Amino acid sequence: MKNGNKKPQGVNRLRRSMLLWPLLSLFPGMKSKANLGKPWHRADGTFANNYIGPIEKSFVELRRAFSAERPPRISFPLSQNDPAMLNANRTQTTVTWIGHATLLVQVGGLNILTDPHFTNRASPVFFAGPKRTTAPGLELAKLPPLDIVLISHNHYDHLDSSSIRQLKYHSPEAKYFVPLGLGKWFNRERITNHVEYDWWEGENYRGAQIDAVPAQHWSNRGFDRNESLWCSWVIKVPGFSFIFIGDTGYSPDGKDIAKRYGSFDLAAIPIGAYNPRWFMEQAHQNPEEAVQTMLDLNTRRAVATHWGTFQLTFEPMEEPPQRLGVALKKAGRSNDDFMVLQHGETRMF
């Protein structure tokens, strides 16, 4: 119960987060050379979105958005998985949701990890910032040897320094696919086995075609706003196609991707971190928009990400899957079409 002398919890957290701002100066900018033949490249070396330009929010808007009381933090049950099977598997196509945007995808004989995050906070420091409410569904040490790591953008809930440093020793042969402008960060981490790609670029690696494609979002790791790109990743192997959307607001980009690539067998689509809507709408889609993204991509099945791991925004933590179920019913699709997995759950295809 609030009283006249107590500030809302969101205000207190915002003030504590402001203490981190001087530390962010430790993270220098990473501007890329502009290619003005591409409309998402800006003359100052930063990047924009295809349909709304760059996402810019003022401090006043930030303070207003995060001044409300947050709903209770909730932990979710872990699924019993089989690390031995995952380590031995090189033939079966599987997807395991580890938490947030971290997926282990086994396809075409390759072990692929998306946006690795295994630590307790999505933050540049260990003592403050969004704290994990549910443990990783699969421990980093129990991962199979990785062939590919996909990074969608540089936000702290998607690019975690500690996790990357641990993976460097766990899977030293893994190749990192990162958006344009983010290679400098990996060089500073002394990870040389990486490639950076602009939208609609990619390569064939060990029998898999891996391409960076657009998403509607933004980047920032300190004082480097939009100086590196953000993206989704398309992975195509003979007989199976997959798209990983790390983070996005709803936009026509999904339809554009489908025009180029046709249908998908599986899509990883974010469903959470969407309230307050006036503040989050451009960067984070809600569950109803996630269903529309599934339809736009012409994907047979989807798996929900970006919910139930960190309390980043102000919707109840259990709400995204509930709204997703309602939206699917309205769209004439089943819960099996857009799967909500437990942390650590593995599905086979």
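Rules and cut-offs
- Residues numbered from 1 in each chain as written.
- Predicted model: local features only at pLDDT ≥ 70, side-chain atom pairs only at ≥ 80, totals over all residues.
- Heavy atoms only, no water.
- Helix = DSSP H or I, 4+ residues; strand = E, 2+ residues; numbered from the N terminus.
- Rg over C-alpha atoms; globule rule 2.2 N^0.38 Å.
- Buried < 20%, exposed > 50% of the residue type's maximum accessible area, 1.4 Å probe, protein only.
- Contact = heavy atoms within 4.5 Å.
- Salt bridge = Lys/Arg side-chain N within 4 Å of Asp/Glu carboxyl O.
- Pairing = 2+ DSSP bridges.
- Axes fitted to C-alpha atoms, helices over the stretch in contact; angles between N-to-C directions.
- Core = buried A, V, L, I, M, F, W, Y, C linked by side-chain atoms within 4.5 Å.
- Expected span 1.5 Å × (residues − 1).
- Polar contact = N/O pair within 3.5 Å; in protein donor to acceptor, adjacent residues only side chain to side chain.

**Remarks on the overall build of the protein chain**
What the protein chain contains, in helices and strands, is 10 helices and 14 strands. Relative to its length of 349 residues, the protein chain is compact, with a C-alpha radius of gyration of 19 Å against a globular reference of 20 Å. Among the 349 residues that make up the protein chain, the fraction classed as buried is 57%. Taking all contacts inside the protein chain whose residues are at least 6 apart in sequence as the whole, residues at least 24 apart take part in 71%.

**A word on the environment of I245**
Mapped onto the elements, I245 comes out in strand β10 (residues 240-245). Separated by 161 residues in the primary sequence, I245 and A84 place their C-alpha atoms 28 Å from one another. Sequence-distant contacts of I245, defined by excluding residues within four places in its chain, comprise S232, A268, I269, P270, T293, L297 and T305.

**Comments concerning the pattern of salt bridges**
In total, this model carries 14 salt bridges according to the counting rule given. Across the pair K38 and E201 runs a salt bridge whose closest N-O atoms are separated by 3.2 Å. Remark: E201 occurs in strand β7 (residues 201-205) and K38 occurs in the loop between α2 (21-24) and α3 (59-65); sequence separation between them is 163 residues. For K38, a relative accessible area of 18% corresponds to the buried category.

**Thoughts on the sheet that holds strand β9 (residues 232-237)**
Pairing is mixed across the open sheet formed by seven strands, whose spatial order is β7-β8-β9-β10-β11-β12-β13. Each edge of the open sheet is held by one strand with a lone partner, namely β7 and β13 (338-339). Bridge count for strand β12 (residues 299-305) against β13 is two bridges, and the pairing is parallel. In the sheet register, V303 faces β13, and the bridge partner there is M339. Helix-sheet contacts for helix α9 (residues 287-297) involve β10, β11 (264-270), β12 and β13, and the interaxial angle to β11 is about 155 degrees.

**So, the nonpolar core**
By size, the foremost hydrophobic cluster in this structure holds 59 residues, and its most contacted members are W233 and F338. Residues L104, I151, Y176 and V178 belong to the second largest nonpolar core, which totals 21 residues.

**Topic: helix α10 (residues 319-330)**
Owing to its 3.6 residues per turn, the α-helix brings residues three or four apart onto one side. Taking 1.5 Å as the rise per residue, α10 with 12 residues should run 16 Å; its terminal C-alpha atoms sit 17 Å apart, in good agreement. Buried positions along α10 lie against α9, β12 and β13. Phi for G332, located one or two positions after α10, is positive at around 75 degrees.

**Examining α9**
Here α9 lies mainly inside the structure; eight of its 11 residues are buried. Where α9 is concerned, the buried positions are P287, E289, A290, V291, T293, M294, D296 and L297. In this structure N286 caps α9, since a side-chain oxygen of it lies 3.2 Å from the backbone nitrogen of E288. N298 occupies a position one or two residues after α9 and carries a positive phi of about 55 degrees.

**Focus: unusual backbone geometry**
A cis geometry characterises the amide bond from N275 onward to P276, with omega recorded as 5 degrees. Located in the positive-phi region is H100, a residue other than glycine, with phi close to 50 degrees. Within the secondary structure, H100 sits in the loop between β1 (94-99) and β2 (102-107). Positioned with a positive phi, A273 is a non-glycine residue whose angle comes to about 65 degrees. In this structure, A273 sits in the loop between β11 and α8 (277-280).

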